[in-house]
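Each chain, letter by letter, is given below.
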Amino acid sequence: MLLGEIRLPIRPESATPARRFLTAVSLAWGIPDAADTAELLGCELVTNAVRYAAAMPGSTLRLVLVRDGERLRVEVHDPSGEPPATRDPGLEATSGRGLLIVGALSTDAGWHPTAHGKAVWFELLPRWP
C-alpha cells in the first residue's frame with residue numbers, strides 16, 4: 001500500500017524536504033518508532049542519488065514510502081542506471097559510508113533497475129498501530 005510519494009529536484013537542497021517528508025509520513029501513519037531511522041536512511045539514499053544522478057539536468061528523484069505487510073519500504077528512484085556500490089571508505093574518509101549505514105540499520109536493503117533508471121530501497125519493521 002502506498003503511504004506517500006514526493007518528487008524532488010536533483011539538488012543537494014533536496015535532502016531537507018526529503019527528511020521532512022519521511023518524518024511527516026511516518027508520524028501520519030502512526031509509526032513514530034520508525035521516523036528517525038527512516039529519516040536518516042532515506043536522506044542517505046537521496047544524498048547518494050543527488051551525487052550520482054546530478055549530471056542529468058532537469059530530472060527528478062522520486063521518494064516513495066510503501067507498506068508491504070509489516071514492513072515499511074522506502075525507495076528512492078533516480079534516472080541513473082548505474083548500480084549503487086558499497087565501498088570501504090577507510091578510517092580517514094569523510095564520505096562513502098551511506099550504504100553501509102543503510103545496510104546496518106535496516107531490516108533489508110537493495111536496488112533494482114527501472115524503466116527510467118533505478119530504485120534504491122531499504123525496509124524497516126516498525127510497530128504499526
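Residues numbered from 1 in each chain as written. Predicted model: local features only at pLDDT ≥ 70, side-chain atom pairs only at ≥ 80, totals over all residues. Heavy atoms only, no water.

1. Considerations on the nonpolar core
For soluble globular proteins, the rule of thumb is that nonpolar side chains tend to be buried together.
Item 1. Judged by nonpolar contacts, the single largest core of 28 residues is most densely connected at Leu45, Leu63, Leu65, Leu72, Val74, Phe122 and Leu124.
Item 2. Of all the elements, helix α2 (residues 32–53) adds the most residues to this core, at 8 residues.
Item 3. Here Leu63 is in contact with Gly4, Glu5, Ile6, Ala18, Phe21, Leu22, Val74, Glu75 and Val76, once residues within four sequence places are set aside. (Core = buried A, V, L, I, M, F, W, Y, C linked by side-chain atoms within 4.5 Å. Buried < 20%, exposed > 50% of the residue type's maximum accessible area, 1.4 Å probe, protein only. Helix = DSSP H or I, 4+ residues; strand = E, 2+ residues; numbered from the N terminus. Contact = heavy atoms within 4.5 Å.)

2. Notes on the pairing of strand β3 (residues 71–78)
Item 1. Most of β3 is tucked away, with 7 of its 8 residues classed as buried.
Item 2. In terms of strand pairing, strand β2 (residues 60–68) meets β3 through 7 bridges, oriented antiparallel. Looking at the pairing, Arg67 lines up with Leu72 of β3.
Item 3. As judged from the 7 bridges shared by β3 and strand β5 (residues 117–124), these two strands associate in the antiparallel manner. Residue pairing for β5: Arg73 is matched across the bridge by Glu123. (Pairing = 2+ DSSP bridges.)

3. Some words on the sheet that holds strand β4 (residues 108–114)
Item 1. Reading across the sheet, the 5 strands line up as β1-β2-β3-β5-β4 and stay open at both edges, with antiparallel pairing between neighbours. Taken across any chain shown, the strands that pair with only one partner, and hence form the sheet edges, are β1 (2–9) and β4. With strand direction ignored, the average angle separating the axes of adjacent strands in the sheet is 15 degrees. (Axes fitted to C-alpha atoms, helices over the stretch in contact; angles between N-to-C directions.)

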